[in-house]
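Notes for the structure review
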Amino acid sequence: MGLGTKITLVSLASLIAALGAYVYQKKKKEIIPWTWEEVGKLTKLNLFPLKSGHRIELHKAECTKYGLRQTKDEDAVQLRDRCLVVYSEKDNEFRTARTYPKMVLIDVSVHDDKYLAVDVPTMRTLYVQIPIKDENKESFIRLHKGEEMYAIDCGDEAASWFSRYILGKDVGLRLGFHDASRSRNISKTHKTILDYYTNLTNSSTGLYSDLTAVLLVNHASVRDLNARIGTSSVSVDNFRPNVVVDGPKLEAYAEDDWDWIKIGDVVLRNVKECTRCIMTTIDPENENRSSDREPLKTLETYRLSNGPSRLPTMGINCEVKVEGIIKLGDPVFISKSVLSSATNGTIKH
């Protein structure tokens, strides 16, 4: 065996060893902790059936890998978080309350085992038959960063209703439904943040959520923000969380440093701090925008991310590691393990 061959074999062995160590470290990070510390209680549980629509406040929910879902009812379907999306008929691009604030007033509920009911104060109730992919048109719509997402079209009547309410026209928008039959792949469209946030993966994503399956907010952080603003009261609902945690000993922004979170049967992992946009300035109860850009104006003074998006932050984006049932009043635990780099993007207050 020549010298060149020996060097090649040594290099190959080194590469295999390095790869093995890398795989081991990745797997090691995924070991669920067995030691937990209680930090507070689950005080609010929100499901948003329509992206940018109004919330449904739940007493308990099933937490799946795609996010919250209503618990099973014998005679009705189970709505999932962000399972509906409004999109443009012209270019299949999604539409949100960032551009059309009145969308925050749209309520979606279960009518029966085949139909959803959609309501706003100014229009008749729309009954939407839950579409089945073998019987309805399938589309791919564009979300943030050009990510293409699967959708089943909800039909012409729904399209007309949403177009009239949002645009004041008979056409222009359509309603899409996700049956959770396909997963997202953000490897190309979100490569920059995937490279930066090492715990964020394709498995972290929800349906039509901006990114992850679950958004957690610490109520103490919102109270601290309001104290800093001074002249107004920003609701925790301005941040559109799925899960709100509170407790007498809970410190503001403690969630920045949480790694693993356990609520009821469910285990979550913090994969990224949640960067914030103009949506937070819209009152979720009346569609009014704040005239002073709050809470963004104040958050920008002390809560800017160090990550690829230099935006203010509030709350944490979580991946569902263990599915199960959660309910109001459940104690919230965090792991005592060594913290990961999941939230290394936030400038500490």
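As shown above, the structure is provided for reference.
This report concerns the structure included in the present document. These numbers were taken from a predicted model, which means no experiment stands behind them.

1. Notes on the overall build of the chain
On a plain count of helices and strands, the chain comes out with five helices and 19 strands. Residues classed as buried in the chain amount to 50% of the 349 residues present. In the chain, once contacts between residues fewer than 6 apart in sequence are set aside, the share between residues at least 24 apart is 71%. Surface summary for the chain: the accessible area is close to 16500 Å², and the carbon and sulfur share equals 52%.

2. Brief notes about the pairing of strand 11 (residues 148-153)
Extensive coverage of strand 11 is indicated by the burial of five of its six residues. Connecting strand 10 (residues 138-142) to the next strand, strand 11, in antiparallel fashion are five residues, including Lys145 with a positive phi near 60°. Pairing between strand 11 and strand 12 (residues 173-177): two bridges, direction antiparallel. Residue pairing for strand 12: Ile152 is matched across the bridge by Phe177.

3. Digging into the state of the cysteines
If you walk through the whole model with that rule in mind, you get zero disulfides. Cysteine Cys63 is unpaired, with the sulfur of Cys318 as its nearest cysteine sulfur at 9.1 Å. Between Cys154, a free cysteine, and Cys83, which holds the nearest cysteine sulfur, the sulfur-to-sulfur gap is 8.8 Å.

4. Here's the deal with helix 2 (residues 156-167)
End to end, helix 2 covers 15 Å across 12 residues, agreeing with the expected 16 Å (1.5 Å per residue, within 8%). Listed in full, the buried residues belonging to helix 2 are Ala158, Ala159, Ser160, Trp161, Phe162, Ser163, Tyr165 and Ile166. Against strand 5 (84-88), strand 8 (115-119), strand 9 (126-129) and strand 12 lie the buried residues of helix 2. Two residues or fewer after helix 2 comes Gly168, characterised by a positive phi angle close to 75°.

5. Some points on unusual backbone geometry
A cis amide bond, omega 15°, links Glu294 with the succeeding residue Pro295. Its location among the elements puts Pro295 in the loop between strand 16 (266-275) and helix 5 (296-299). Here the phi dihedral of Ala180 falls at roughly 65°; this positive angle occurs in a residue that is not glycine. Mapped onto the secondary structure, Ala180 falls in the loop between strand 12 and helix 3 (191-196). Positive phi, close to 50°, is recorded for Arg240, a residue that is not glycine. With respect to the element layout, Arg240 can be found in the loop between helix 4 (219-229) and strand 14 (243-246).

6. Description of helix 4
Quick reminder: α-helices carry 3.6 residues per turn. Residues three or four places apart thus point the same way. Of the positions making up helix 4, those classed as buried are Ala220, Ser221, Val222, Leu225, Asn226 and Ile229. The N-cap of helix 4, judged by a side-chain oxygen 2.9 Å from the amide nitrogen of Ala220 a few residues on, is Asn218. Where helix 4 ends, the next residue or the one after it, Gly230, has phi of about 85°, a positive value.

7. Digging into the pattern of salt bridges
A side chain with one charge can pair with a side chain of the opposite charge if their charged atoms come near. Within this structure, the stated rule accounts for 25 salt bridges. Measuring nitrogen to oxygen at the nearest pair gives 2.8 Å for the salt bridge that ties Asp246 to Arg223. Of this pair, Asp246 sits in strand 14 while Arg223 sits in helix 4, and the two are 23 residues apart along the sequence. With a shortest N-O distance of 3.2 Å, Lys327 and Asp330 are connected by a salt bridge. Here Lys327 falls in the partly exposed class, since its relative accessible area comes to 45%. The class of Asp330 is buried, set by a relative accessible area of 8%. Overlapping salt bridges, with partners in common, bring together Lys44, Arg55, Glu57, Asp237 and Glu285 in one network.

8. Let's talk about the sheet that holds strand 18 (residues 324-327)
Judged by pairing direction, the sheet is antiparallel, and its three strands sit side by side in the order 4-3-18 without closing on themselves. In this open sheet, the two strands that pair with only one neighbour each are strand 4 (67-69) and strand 18. Taken pair by pair, the neighbouring strands of this sheet meet at an average axis angle of 40°, ignoring direction.

Rules used throughout
Residues numbered from 1 in each chain as written. Predicted model: local features only at pLDDT ≥ 70, side-chain atom pairs only at ≥ 80, totals over all residues. Heavy atoms only, no water. Helix = DSSP H or I, 4+ residues; strand = E, 2+ residues; numbered from the N terminus. Buried < 20%, exposed > 50% of the residue type's maximum accessible area, 1.4 Å probe, protein only. Contact = heavy atoms within 4.5 Å. Areas by Shrake-Rupley, 256 points an atom, 1.4 Å probe, with all protein chains shown as cover. Pairing = 2+ DSSP bridges. Disulfide = S-S within 2.5 Å. Expected span 1.5 Å × (residues − 1). Polar contact = N/O pair within 3.5 Å; in protein donor to acceptor, adjacent residues only side chain to side chain. Salt bridge = Lys/Arg side-chain N within 4 Å of Asp/Glu carboxyl O. Axes fitted to C-alpha atoms, helices over the stretch in contact; angles between N-to-C directions.

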